[in-house]
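# Survey of secondary and tertiary structure
Now for the letters of each chain:
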Amino acid sequence: MHMARFTITLLWHGVRQPRNPWADGPEYITQCPIQPGKKYTYRIKLTKEEGTIWWHAHSGWARATVHGMIIVYPRHGAHYPFSTPHAEVPIILGEWWKKVVMEIPRNANITGGEPILSDAYTINGQPGDLYPCSKQGTFKTPVNYGKTYLLRIVNLVMDENLFFAISHHKLTLVGTDGCYTKPFKSDYIMITPGQSMDVLLEANQPPNLYYMAA
Ligand SMILES: [Cu+2]
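Residues numbered from 1 in each chain as written. Predicted model: local features only at pLDDT ≥ 70, side-chain atom pairs only at ≥ 80, totals over all residues. Heavy atoms only, no water.

## Concerning the overall build of the chain
A count of helical and extended segments in the chain gives one helix and 12 strands. Starting at the N terminus and walking to the C terminus, you meet the elements of the chain as β-β-β-β-α-β-β-β-β-β-β-β-β. The globule rule puts the C-alpha radius of gyration for 214 residues at 17 Å, and the 19 Å found for the chain is close to it. Dimensions of the chain, computed from C-alpha atoms along their principal axes, come out at roughly 50 × 45 × 30 Å. Across the 214 residues that make up the chain, the buried fraction comes to 41%. (Helix = DSSP H or I, 4+ residues; strand = E, 2+ residues; numbered from the N terminus. Rg over C-alpha atoms; globule rule 2.2 N^0.38 Å. Buried < 20%, exposed > 50% of the residue type's maximum accessible area, 1.4 Å probe, protein only.)

## Things to note about the domain arrangement of the chain
How big an interface is tends to be reported as the loss of accessible area on association of its parts. Each assigned domain of the chain is listed with its residue range as follows: domain 1 (10–72) and domain 2 (87–213). One C-alpha centre belongs to domain 1, the other to domain 2, and the line joining them spans 21 Å. The interface of domain 1 with domain 2 comprises 20 residues on the first partner and 24 residues on the second. The three residues of domain 1 that bury the most area against domain 2 are Thr 52, Trp 54 and Trp 61, which together make up 40% of that side's buried surface. Counting across the domain 1 and domain 2 interface gives zero salt bridges. (Domains from an automatic or database assignment. Contact = heavy atoms within 4.5 Å. Buried area = accessible area lost by both parts, 1.4 Å probe. Salt bridge = Lys/Arg side-chain N within 4 Å of Asp/Glu carboxyl O.)

## So, unusual backbone geometry
Unusually for a residue other than glycine, Asn 124 sits at a positive phi of about 45 degrees. Within the secondary structure, Asn 124 sits in the loop between β5 (120–123) and β6 (148–155). Under the relative-accessibility criterion, Asn 124 is labelled partly exposed at 27%. A positive phi angle, near 50 degrees, is found at Asp 177, a position not held by glycine.

Given below as structure tokens:
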């Protein structure tokens, strides 16, 4: 049941949806947007996806609104193609505007310029220490020295590719868009809008506070 003021669709990032385009989501391409006050049921088809996938609204800049992560674990009795992590940490890279997001593309179309940049980038909804906010808020995750963590990272922002890193730590990419990959070790990852990445973090540095940044 759609209760908001704007029309909406939902898109499933990383879900292949074979022979199921009706439930894919881009408005006016595979479906008409859902009208306020009306109902629509999505039947999504999960087939070979494994790892991190996600969904969000997909009509205009409603993309910046409702969203969620879908985690597909290995089947019972199966294993990750890497050693089982001690724990996992979902990380959604998002952004925040002080304006009504649905009006941003309209203004950009009038001027012919680029859409305005957001007022803040966020990690799990928190803007972090670098913005002049009225309340402090930074996403923190405790880790145990010597353990390995699986970070499930999603780029929810509208237009910007993001670099993500954790100070003094290396990251090992092991999956993208619901598919495992050959492990790749790096000081940082670059993640594009709509993408999801599974990344291993080894807590192998002296216990301390370390920034994660995007
Ligand atoms: Cu999207």
